[in-house]
Amino acid sequence: MINYEALFKISYGLYIVSSGTKENGNGYISNTVFQVTSDPPRFATCCSKDNHTAGLIRSSGQFSVSVLHQEAGIGTIGTFGYKSGKDANKLDGMDIRYGETGVPIVLNDAIAFLVVKVQETLDVGTHLMFIGELLQAEVLDEDADPLTYLHYRRAKKGVAPKNAPTYIDKSKLEKKSPEEVFGRYECPACGFIYDEEKEGVKFDDLPDDWECPICGEEKSEFIKL
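Caption draft 1: Inspection of the sheet that holds strand E2 (residues 25–30) at higher detail. Strand order across the open sheet formed by seven strands is E2-E1-E5-E8-E9-E4-E3, with antiparallel pairing between neighbours. The strands lining the two open edges of the sheet, one partner per strand, are E2 and strand E3 (33–38). For this sheet, the mean inter-axis angle between neighbouring strands, taken without regard to orientation, is 35°. Where strand E5 (residues 62–68) lies against strand E8 (residues 110–123), seven bridges are found, and the strand directions are antiparallel. For leucine 68, the partnering residue across the bridge sits in E8 and is alanine 110. Against the sheet, helix H2 (residues 74–82) touches strand E1 (15–20) and E2, its axis set at about 105° to E2.

Caption draft 2: Structural detail: the nonpolar core. If you look at the biggest cluster of nonpolar residues, it comprises 18 residues, and the most contacted ones within it are Val17, Ile57, Phe63, Val65 and Phe130. Counting residues per element, the ones that place at least two in this core are E1, strand E4 (41–48), helix H1 (52–60), E5, E8 and strand E9 (127–139). Ranked by the residues each element gives to this core, the list is headed by E8, at five residues. Each residue touching phenylalanine 130, except ones within four places of it in the same chain, is listed here: Phe43, Ala44, Thr45, Cys47, Ala54, Ile57, Arg58, Phe63, Val118, Glu120 and Thr121. Counting residues in hydrophobic clusters, the runner-up holds 12 residues, among them Ile29, Ala72, Leu91 and Val106.

Caption draft 3: Structural view of the sheet that holds strand E10 (residues 184–186). If you trace the three strands from one edge of the open sheet to the other, you get E11-E10-E12, paired in antiparallel fashion. Each of the sheet's edge strands pairs with one partner strand only, and the pair in question is strand E11 (193–195) and strand E12 (223–224).

Caption draft 4: A look at unusual backbone geometry. Cis geometry marks the peptide bond from aspartate 39 to proline 40, where omega comes out at 0°. With respect to the element layout, proline 40 can be found in the loop between E3 and E4. We note that aspartate 109 has phi near 60°; this positive angle belongs to a residue other than glycine. Mapped onto the elements of the fold, aspartate 109 is located in the loop between strand E7 (104–106) and E8. On the basis of relative accessibility, which here comes to 21%, the residue aspartate 109 falls in the partly exposed class.

Caption draft 5: Just the pattern of salt bridges, in detail. Scanning the entire structure with this criterion turns up four salt bridges. One salt bridge in this structure joins arginine 184 and aspartate 195, with 3.8 Å as the shortest N-O distance. With arginine 184 in strand E10 and aspartate 195 in strand E11, this residue pair connects regions lying 11 residues apart in the sequence. A relative accessible area of 39% means that arginine 184 is categorised as partly exposed. The partly exposed category is assigned to aspartate 195, whose relative accessible area is 21%. In this structure, lysine 202 and glutamate 196 form a salt bridge, with 3.5 Å as the shortest nitrogen-oxygen distance. What makes lysine 202 partly exposed here is its relative accessible area of 27%.

Caption draft 6: Quick look at the environment of glycine 81. Looking at where glycine 81 falls in the secondary structure, it is placed in helix H2. Assessed through its relative accessible area of 16%, glycine 81 is described here as buried. For the pair glycine 81 and tyrosine 15, spaced 66 residues apart in sequence, the C-alpha to C-alpha distance is 9.9 Å.

Caption draft 7: The arrangement of the environment of leucine 91 in detail. Here leucine 91 shows up in the loop between H2 and strand E6 (96–98). Look at leucine 91 and you get buried, because its relative accessible area is 9%. In sequence terms leucine 91 and proline 104 are 13 residues apart; their C-alpha atoms lie 8.6 Å from each other. The contact partners of leucine 91, leaving out residues within four places of it in the chain, are Gly25, Asn26, Phe80, Ile96, Pro104 and Val106.

What counts, and at which threshold
Residues numbered from 1 in each chain as written. Predicted model: local features only at pLDDT ≥ 70, side-chain atom pairs only at ≥ 80, totals over all residues. Heavy atoms only, no water. Pairing = 2+ DSSP bridges. Helix = DSSP H or I, 4+ residues; strand = E, 2+ residues; numbered from the N terminus. Axes fitted to C-alpha atoms, helices over the stretch in contact; angles between N-to-C directions. Contact = heavy atoms within 4.5 Å. Core = buried A, V, L, I, M, F, W, Y, C linked by side-chain atoms within 4.5 Å. Buried < 20%, exposed > 50% of the residue type's maximum accessible area, 1.4 Å probe, protein only. Salt bridge = Lys/Arg side-chain N within 4 Å of Asp/Glu carboxyl O.

Right under this line is the structure:
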């Protein structure tokens, strides 16, 4: 049995991964960027095979990672997370720098960036994992906190798009029952309080001929508090 809610407990950051050239570039939102070795530093990212950027990474052999800050605008996330580079130029109008290798780097809402040269590509099913050596890295904002997937879900009420490795079909999530609200009803004759939570039965579910256990007042005379 898999409780898919448990998968939300795994921590991730949120990044823009870009690739290509000045003439043909693209990027997407990723929450699977991670360091795999320290010396030399190597990083990995996963990209859906259906993502336009996957082809650019394979052909150019490089990618950049823009680390987003916690207050990243919904416009930036929407453009790179929910639009396809096959239909529009996502870099158009964005603040773009080109790295030492010519790879595009998105600076919008970024606090740091990395440039990685691909050394190995793994087919992991719906996605490709690109592993490469770090060529360039720079901090853009010393003070801002990085955006995490948890903050994105809780504060921004965001969800992973279908091409994300962490996308979970809502039908697989456990349906949570709405929080039950209990009422309290007062007998106008003697002041007895019928507390639904304490009694374990909703007042409306009591039979019509139910009477106050203290004074015998009719159910219909009770007042909801």
